[in-house]
Amino acid sequence: MKAIPKPRPDGIVRFGKRKAKRDDRNLLFATLLKVPPALPAEYDFDVVHHGIPTPMFGNDQYGDCVIAGRAHQTLRFEKAEQNKLIAIGDNDVLHEYFGETGGTDSGLVVLDSLKEWRKRGWLAAKRRYKIKAFAQIDQGKRSEVKRAVFMDIGVGLGFTLPDAALTQFYAGKPWAVVGGKAGQPNPRNGHYVYVPGYTRSGPVCVTWGRKQQMSWAFLVKYCDEAYAIIDAIDTAKKKRGLDAGKLDAFLAGLRKAKATAKKRAPRAGARHG
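Residues numbered from 1 in each chain as written. Predicted model: local features only at pLDDT ≥ 70, side-chain atom pairs only at ≥ 80, totals over all residues. Heavy atoms only, no water.

1. A closer look at the packing of aromatic side chains
- A full pass over the atoms with the stated rule returns twelve aromatic pairs.
- Ring centres of Trp175 and Phe218 lie 5.4 Å apart, and the angle between their planes is 20°; this geometry places the pair in the stacked category. Taken as a pair, Trp175 in the loop between helix H6 (163–170) and strand S6 (185–198) and Phe218 in helix H7 (residues 216–222) lie far apart in primary sequence, 43 residues in all.
- Residue class for Trp175 comes out buried when judged on its relative accessible area of 0%.
- On the numbers, 4.7 Å between centres and 50° between planes, the contact of Phe218 with Tyr222 is tilted. Here Phe218 pairs with Tyr222, and both are found in helix H7, just four residues apart, close to one helical turn.
- Aromatic rings pair up to connect Phe15, Phe159, Phe169, Tyr170, Trp175, Trp208, Phe218 and Tyr222 into one cluster.
- For the cation-ring pair, Arg210 lies above Phe169, with the distance from its terminal atom to the ring centre recorded as 3.7 Å.
- Here the guanidinium or amino end of Lys237 rests over the ring plane of Phe150, the centre of that ring lying 4.2 Å away. (Phe/Tyr/Trp six-rings, centres within 6.5 Å; stacked < 30°, edge-to-face > 60°. Helix = DSSP H or I, 4+ residues; strand = E, 2+ residues; numbered from the N terminus. Buried < 20%, exposed > 50% of the residue type's maximum accessible area, 1.4 Å probe, protein only. Lys NZ or Arg CZ within 6 Å of the ring centre and 35° of its normal.)

Here it is as structure tokens:
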């Protein structure tokens, strides 16, 4: 990609999550969990670690919400591990976004983008960051969402938002389920957010330049994909809560399957009877 395309006019917020892709081979977060810790009624990484910004990362002009969510999570990963805020800029996010789309403002498939993040990482603040793995969360189970957040893994959520969600956002109100046409999932409103916290009412995400509360009922009704994204099991919380052996075994299985498929693939120029 030679240059970032000009944004579409009249941007306030943009959608950019494409239709959820399913894969029965995905690692399930529940299979990695050890004995449940005592979870607080409310927890927010940003309250424990003060001063973390919530930039727009270009999501008012481009449909880059999937990479903007990645950037918000990377900020928090590195705050937990390096104890400093790294300087991720809009250009970092936009170069990765358009690199993955091939140069068009077309949005991204979350699952495909997560695989890119795991395989080759992304360049942010002049350094390449990779994740170790991602695991599918059952968004209908509050305990899974809360445990991922409390372990400072955090949660990436994909939504098919209703039109009412925009009205609520502009009014500074929590996302809540409403009736009528405005409360129906709108296929044009595909959106991805990162969740660093939860309250008694529901998850708290980072989106469109600020923190946004939602209800648990809203999560269940409009979320169509949810992932715990693990960069490494290298903090006390993650070591207590996650089974590193199971994760390593799953990843070893992926590598073995890939190597087997590569061996079975016909060589270029090979003759066939």
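Next comes the rest of the description.
2. Overview of unusual backbone geometry
- Located in the positive-phi region is Lys126, a residue other than glycine, with phi close to 65°.
- Among the structural elements, Lys126 can be located in the loop between strand S2 (122–124) and strand S3 (127–129).
- Here the phi dihedral of Asp152 falls at roughly 65°; this positive angle occurs in a residue that is not glycine.
- Tracing the chain through its elements places Asp152 in the loop between helix H5 (142–150) and strand S5 (155–162).

3. Here we look at the pattern of salt bridges
- This structure, assessed with the given rule, holds 19 salt bridges.
- In this structure, the salt-bridge partner of Lys132 is Asp248, at a minimum N-O distance of 3.2 Å. Of the two residues, Lys132 sits in the loop between S3 and strand S4 (133–136) while Asp248 sits in helix H9 (residues 244–264), which places them 116 residues apart along the sequence.
- Of the residues examined, Lys132 reaches a relative accessible area of 30% and is grouped as partly exposed.
- The closest approach of N and O atoms between Asp152 and Lys237, which form a salt bridge, is 3.6 Å. (Salt bridge = Lys/Arg side-chain N within 4 Å of Asp/Glu carboxyl O.)

4. Considering the environment of Ile153
- Looking at where Ile153 falls in the secondary structure, it is placed in the loop between H5 and S5.
- In sequence terms Ile153 and Cys65 are 88 residues apart; their C-alpha atoms lie 19 Å from each other.
- Ignoring any residue separated from it by four or fewer positions in sequence, one finds Ile153 in contact with Phe29, Gln73, Phe77, Ala148, Tyr194, Ala228, Ile229, Ile230, Lys238 and Leu242. (Contact = heavy atoms within 4.5 Å.)

5. A look at helix H3 (residues 90–101)
- A rise of 1.5 Å per residue sets the reference length of H3, with its twelve residues, at 16 Å; its end C-alpha atoms lie 16 Å apart and thus fit the reference within 8%.
- Buried within H3 are the following residues: Val93, Leu94, Glu96, Tyr97, Phe98, Glu100 and Thr101.
- Looking at the buried side of H3, the elements it contacts are helix H2 (65–82), helix H4 (110–119) and S2.
- Just downstream of H3 lies Gly102, where phi reads positive at about 85°. (Expected span 1.5 Å × (residues − 1).)

6. Quick word on H9
- Between its first and last C-alpha atoms H9 spans 30 Å; for 21 residues at 1.5 Å apiece the expected length is 30 Å, and the two agree.
- Two or three places before Gly245, at the start of H9, stands the capping residue Asp243, its side-chain oxygen 3.1 Å from that residue's backbone nitrogen. (Polar contact = N/O pair within 3.5 Å; in protein donor to acceptor, adjacent residues only side chain to side chain.)

7. Section: the side chain of Asp46
- Residue placement: Asp46 occurs in helix H1 (residues 45–48).
- Classification of Asp46 by relative accessible area gives buried; the value is 13%.
- Side-chain polar atoms of Asp46 contact the side chain of Lys211, separated by 3.0 Å.
- Not counting residues within four places of it along the chain, the set of residues in contact with Asp46 comprises Ile52, Arg76, Pro196 and Lys211.

8. Remarks on the pairing of S5
- S5 sits mainly inside the fold: eight of its eight residues count as buried.
- Residues Val155, Leu157, Phe159 and Leu161 line one face of S5 and the alternating positions Gly156, Gly158, Thr160 and Pro162 line the opposite face, and both faces are buried.
- Relative to strand S9 (residues 223–230), S5 runs antiparallel, the two sharing five bridges. Directly across from Phe159, in S9, lies its bridge partner Cys223. (Pairing = 2+ DSSP bridges.)

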